[in-house]
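Notes for the structure review
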Amino acid sequence: MLSRLHVVALCLGAFVNSVQAATGGSFVEAGHTKVSALLMFLGDNEGVYILDKAEGNAAQVAGHPAWGSRWDIATHNVDVMDVKSNSFCSSGMHLPNGSFVTFGGNDGITIGGKVGSQKNPDGTGHWDSIYQDFDGRKAIRILNPCSSNENFLSPKCTWYDEIEHLSMKRNRWYAAAEPLGDGTVVILGGFVSGGYINRWKPDRPNVDAITQAGLAENSYEYFPAKAKDAEVVDFLVKTSGLNSYAHTYLMPSGLMLVQANHSTMLWDHSLNKEYPLPDMPKGVIRVYPASGGVAMLPLTPENNYTPTLLFCGGSDMPDDNWGDYGGPNVDPWLFPASADCQRLTPEPADKTKPVAYEQDDDMIDRRTMGQFINLPDGTLLMINGGRNGTAGYADKTNDTPGPLMPFGPSLASDPVFTPAIYNPNAPRGSRWSNKGLAPSTIPRMYHSVAILLPDASVFVAGSNPNADVNMDVMYPTEYRSEIFYPPYFNAKVRPAPTGVPNRLSYGGPAFDITLSASSYTGAANAAAEKTKVVIMRGGVTTHAMNMGQRHMELATSFTVNKDGSITLHVAQPPPNPNLFQPGPAFLYVVVDGIPSNGTYLIVGSGNIGVQPTQPASVLPASVRLDSVSGAGDKTNSNSNANANAAGEEEKSNLPVIIGCIVGGVVVVGVLGALIAVCMKRRARSAARMPPSKEFGAGMAAGAGAVGGKPAVSGWTTHDDSSSVFVPLAKGGAGYADETGSSIHAPYKDDMGRGTNSFGSRSQVFGNDAYDPYSGQPPMAHAHGHEYATSTTQLNSYQQQGGYR
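So, how was this worked out
- Every residue gets a number counted from 1 within its own chain, in the order that chain's sequence is written.
- Under the rules for a predicted model, residues below a pLDDT of 70 receive no local features and side-chain atom pairs below 80 are neither given nor counted, while totals for whole chains, interfaces and linings still include all residues.
- Side-chain measures were taken over the full set of non-hydrogen atoms in the model, leaving aside hydrogen atoms and water.
- Helix and strand definitions here come from DSSP, where helices need a minimum of 4 consecutive H or I residues and strands a minimum of 2 consecutive E residues; each element is numbered from the N-terminal end.
- Exposure classes here rest on a 1.4 Å probe applied to the protein chains alone. A residue is buried below 20% of its type maximum, exposed above 50%, and partly exposed in between.
- Contacts between residues were defined by any pair of non-hydrogen atoms, one from each residue, lying within 4.5 Å.
- Residue exposure ignores everything except the shown protein chains as possible cover, and the areas themselves are Shrake-Rupley values with a 1.4 Å probe.
- Stacked, edge-to-face and tilted are the three classes for Phe, Tyr and Trp ring pairs, Trp counted by its six-membered ring, which pair at centre distances within 6.5 Å; planes under 30 degrees apart are stacked, over 60 edge-to-face, the rest tilted.
- Criterion for a charge above a ring: Arg CZ or Lys NZ at most 6 Å from the ring centre, at most 35 degrees from the ring normal.
- Pairing between strands requires that DSSP locate at least two bridges from one strand to the other.
- Every angle, taken between N-to-C directions, lies between 0 and 180 degrees, and every axis is a line fitted to C-alpha atoms, over only the stretch in contact when it is a helix.
- We call a pair of cysteine sulfur atoms a disulfide whenever their separation is within 2.5 Å.
- By nonpolar core we mean a set of buried residues, namely Ala, Val, Leu, Ile, Met, Phe, Trp, Tyr and Cys, connected to one another through side-chain atoms within 4.5 Å.
- Salt-bridge detection follows one rule: a side-chain nitrogen of Lys or Arg within 4 Å of a carboxyl oxygen of Asp or Glu.

Looking now at the overall build of the chain. Counting its secondary structure elements, the chain contains eight helices and 47 strands. Classification of the 804 residues of the chain by burial places 62% in the buried group. Taking as baseline every contact in the chain between residues at least 6 positions apart, the subset at least 24 positions apart corresponds to 69%. Counting only carbon and sulfur atoms, one obtains 55% of the accessible surface of the chain, whose full area is about 28,300 Å².

Spelled out as C-alpha cells, the structure:
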C-alpha cells in the first residue's frame, strides 16, 4: 500500500503539474537531479534512477560527492544514492526480475578528472581520498528498484557495488550490452582506459591490431559469467577505433545485429561466428563519438514481428579526421553532423531478398548525440544533440589551444532545441515533423539522456561536456531536468484500462482488458477498431542510446458491450523470448493514437534461464455493436487515472484523494507563492544561460568573435592558467538543496583529507583478492583531448590529469 504521505504528494504533484502545463508538444521544468544525469533508467512506476561520473557535485552522500540519485515521478523530489565505484561511461541493462545492472566505467579519479590518490600498478587510479571513488572499470553494479512503502536506505534498495565480490573479467568502459532470450547479458568491447576513439594510428610503432598496445578490449563476456574466458571478436578488430558502444540488437533467430564504424554483421555469440552484412551507406558513423540516433521500430502483428532498425544522424567525417586515443585530427565543431537516415531489416521475412540498407527520409535537423525514444502511439521522438561536431570533450585540440576553444571543452556546437517526431508508417517524404513542438531552452549536449515515463511523457536530463563540475562555460554541468509532453497530451480523454495483468508469458492463454465508456469518444466500433495494446521498455539511456529499448504491439480482438465499455481480448507476447527479452515493461492501451497511463509488469518467468513458452494465444473473433458510443466527451473525470490491477490500492487511498480535491482551493491559494519562487528561479536560470538565439549555427573560432572567442553572453574568458580540468564555479550561485549547499558549486574538500579512510589496498581487498592488471602499458584517459605524440607523452599527461 502506498503511504498516505506519498499519495498526498502524488496528488499535489499531479495538481501542480496540471496547472503548470501538460500541453502536447511542450517542455516543463521538472526540478534538479542533484547529480548530472549521464546514465538513467526508469526503475518502476515511481522512480527514475540516475548515475553520474565521479565528480565534484555539491550534493553529498556518505561523506563524499554523490554521483547517484533517484528522481521521484510523483513529487519531482530527488534523493542521492551512494555508489562506490566510478560509473563514468558504463553500460547498463535490465534483468528478468526487474532489477537493473551496470557494467564498467572509469578508474578512480579526483578533482578535475585527475588520477586518484591511490594508484594501480599501471598508474591508473585505484581509489581517491577526496572523491572516495574506486576503480570502476571491472565493476558490476546491481540495483533493485523499491517502491515508496519500502525503506530506500535498506540494503535491498541501494546499489550493490562490491567489486571484490562481483566483477567482470576485463576492464571495460564504453562497452555495449544486450540481453539474450534467457535474460543473460552479453557485454561487448570497450576501452581499457579511455581516449577519444578506441585505437592508435596504424603507423604508430609497437601497436598490435587486437589490443592497440593494451588500450582496446575487443572481446566479449557474459553476465552472469560463463566459464570460458573473454574471447576476441574479429569484427571489433576490423572496426578498430570507431567501435565504442557498438549498436547491438538481438534478432528473432538468436543471432545479434552488431553495427560499428562502417560495418554491420549478424553474430552468433555462442560460437563467436560472424555473418557480414552490407556496410553503412555514405560512410556515416553512428557509434560514439559520432553518436547517431538508433532504434528498433515497433514490432507489430502487421509486420509479423520482424525487426527493422532505424539509424539517423551521426557524422561522415573522413577516417583520418577521427585521429586516435589522443584526440581528433581536426576541430570537430567545424564539421556538420549528418541528417541521413537508413533502415535495415537484418532478418527479413522473405529470405529470398538480399539484406540491404534502405534510404529513409532525412531528419529535419542534422544531429550528433540525437536520441530516439519509442512512444506508445508507434511514433519515435528524436530529441537532444547538436548540429555540428561530435561527442566528447577536450581542454584543447591538435589545431586549437585551450584559450581559443570557441565552445569551451565541448567538441560539438549549435544545440538542437526543438525535438522532432518520426512516423514509420507515413509515406516516404512525410515521415518527419516538428509541427506544434515547442523548443526547450536548455542545451542538451554531450552526456544528455531521455526516458519514457509511465504517463507516456518523456523525462529529459543531463548535459555535461566537462571533466568535472564546471558552470563557467558555454555548455555547463547541467542539473535541471524537464518533462516533454508529446502531442497526444492535447487529447481531452485518455483511456483508463482495468484488468491489466502484472505478468506476461511467452504464448499461452489470452487475457482481457476492459475500457469503460468514459475512455473514448465517438462510436464504440470505431474506437475498438483503432485500439492497440503495446508493451514498452525504455531501456538504460546513456550517450544518446537506450540500451534494451523495445516496443511490441500485442495481437488483439474485441467485444463491444451494451454499456459502451469495450472488452479487449489480448494475446500474450509471441512464444519467442528473443523478440522481447524477459524483464520489466509497461503496458499501454492506445485508442486512436492516445495512450493510457502505463501499467508496470514483468515479461517472462522473472528468472535468468530458458524461458517457458506455450503455443501462441488464440483470440476470439471481434464482436461489434452498432449504436453504442463512448461517454468520454461527457464525463472524463477518471480518464487520466491508471485504473489497473492495482485498483484496490487506489481505492484504499480514496479518502486522501478526495481530500486532495477538496484541498484544491487551498492549493490554489499557495500557488501564487510557488509561481513567484519559480519565476525567480527561472530568472536566475535565464541569467546563467544564454538564450537559444545566441547559439548560432556553425559558430567556430573567429566567427563573430574577438580574439578567437565567439561574442556570446555566457562564455567566460579564462586566463592561460585556467584549465577545463579544474572546477571553475565559485560556489554559492544557483539552486540550493535542503542542506543549503549550492547544487551548482563544485565539491570542496574543506576537511583536508589526504589519507584513505577505508584503509590500505590490502585492508580493503585482502592481499590475494586484488587484481593488479599487471603487464599493461601506460594508459590514456577519457575523451581524447590534447593530442599525444608518443606513449611516454600519453603517460605523462595521465599523471597530470589530462586525457579525461
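What follows covers the packing of aromatic side chains. Counted according to the given criterion, the structure contains 27 aromatic pairs. A centroid spacing of 5.2 Å and a plane angle of 70 degrees characterise the contact between Tyr174 and Tyr245, whose relative ring orientation is edge-to-face. Of this pair, Tyr174 sits in the loop between β12 (140–143) and β13 (176–179) while Tyr245 sits in the loop between α2 (234–238) and β17 (247–250), placing them 71 residues apart in sequence. Judged by its relative accessible area of 0%, Tyr174 is buried. One residue, Arg204, lies across the ring of Trp200, its end atom 3.7 Å from the ring centre. Arg494 extends its terminal NZ or CZ atom over the ring of Phe489, reaching a point 4.9 Å from the ring centre.

Turning next to the sheet that holds strand β22 (residues 309–312). Pairing in this open sheet of four strands is antiparallel, and the strands run β21-β22-β23-β24 from one edge to the other. Every other strand in the sheet has two partners, leaving β21 (293–296) and β24 (358–359) as the edge strands with one partner each. Pairing analysis gives four bridges linking β21 to β22, with the strands arranged antiparallel. When the bridges of β22 are listed, Met296 appears paired with Leu309.

Counting buried positions along strand β31 (residues 448–452) gives five out of five residues, so the element sits mostly inside the fold. Alternating positions in β31 separate into two faces, Ser448, Ala450 and Leu452 on one and Val449 and Ile451 on the other, with burial throughout. Hairpin connection, β31 to strand β32 (residues 458–462): the antiparallel pair is bridged by five residues, and Ala456 has positive phi, about 80 degrees.

On to the sheet that holds strand β1 (residues 26–32). To summarise the sheet geometry, strands pair through backbone hydrogen bonds and adopt either a parallel or an antiparallel arrangement. With respect to topology, four strands assemble into an open sheet ordered β1-β33-β32-β31, the strand pairing being antiparallel. Every interior strand has two partners, whereas the edge strands, β1 and β31, have only one. Adjacent strand axes in the sheet meet at a mean angle of 25 degrees, parallel and antiparallel pairs treated alike. Inspection of the sheet shows β31 paired to β32 by five bridges, in the antiparallel sense. Opposite Ser448, over in β32, you have Gly462 as the bridge partner.

This next bit is on the state of the cysteines. Joining two cysteines, a disulfide is a covalent bond between their sulfur atoms. Going through the model one piece at a time under the given rule, you end up with two disulfides. For Cys146, the disulfide goes to Cys157, at an S-S distance of 2.0 Å. Handedness here is read from the sign of the S-S torsion; for Cys146 and Cys157, about -90 degrees, the answer is left-handed. Residue Cys146 is located in the loop between β12 and β13, and its partner Cys157 is located in the loop between β12 and β13; the two are separated by 11 residues in the primary sequence. On the basis of relative accessible area, Cys157 is assigned to the buried category, the value being 2%. Paired by a disulfide, Cys312 and Cys341 hold their sulfur atoms 2.1 Å apart. A torsion of 125 degrees about the S-S bond marks the disulfide between Cys312 and Cys341 as right-handed. Taken as a pair, Cys312 in strand β22 and Cys341 in strand β23 (residues 341–344) lie far apart in primary sequence, 29 residues in all. An identical accessibility class is assigned to Cys312 and Cys341; each is buried. Numbered by position along the chain, the disulfide-linked cysteines of the chain connect as 1-2, 3-4.

Right, let's talk about the nonpolar core for a bit. Across soluble globular proteins, nonpolar side chains have a tendency to be buried as a group. In this structure, Phe103 and Trp267 are the most contacted members of the largest nonpolar core, which totals 79 residues. It is strand β14 (residues 185–188) that contributes the most residues to this core, four residues altogether. Beyond its immediate chain neighbours, meaning those up to four positions away, Trp267 contacts Val186, Leu188, Tyr220, Val233, Leu255, Met256, Val258, Asn272, Lys273 and Glu274.

Tallying each qualifying case throughout the model produces 23 salt bridges. Across the pair Glu55 and Lys53 runs a salt bridge, and its minimum N-O distance is 3.4 Å. Residues Glu162 and Lys84 are paired through a salt bridge, measuring 2.6 Å at the closest nitrogen-oxygen approach. Highlighted residues: Glu162 in the loop between β12 and β13 and Lys84 in the loop between β7 (78–80) and β8 (91–94), separated in sequence by 78 residues. Its relative accessible area of 18% is what places Glu162 among the buried residues.

Residues of β17 alternate between two faces, with His247 and Tyr249 on one and Thr248 and Leu250 on the opposite face, all of them buried. Counting the residues in the hairpin turn of β17 and strand β18 (residues 256–260) gives five residues, including Gly254, whose phi is positive at 100 degrees.

Take unusual backbone geometry next. That bond from Phe223 to Pro224 is cis: its omega, -10 degrees, falls within 30 degrees of zero. Structurally, Pro224 can be placed in the loop between β15 (219–223) and β16 (231–232). With omega at 5 degrees, the peptide bond leading from Tyr288 into Pro289 counts as cis. Residue Tyr245 is not a glycine yet carries a positive backbone phi of 50 degrees. Positive phi, close to 55 degrees, is recorded for Asn272, a residue that is not glycine. Checked against the element boundaries, Asn272 lands in the loop between β19 (263–268) and β20 (273–277). Its relative accessible area of 18% is what places Asn272 among the buried residues.

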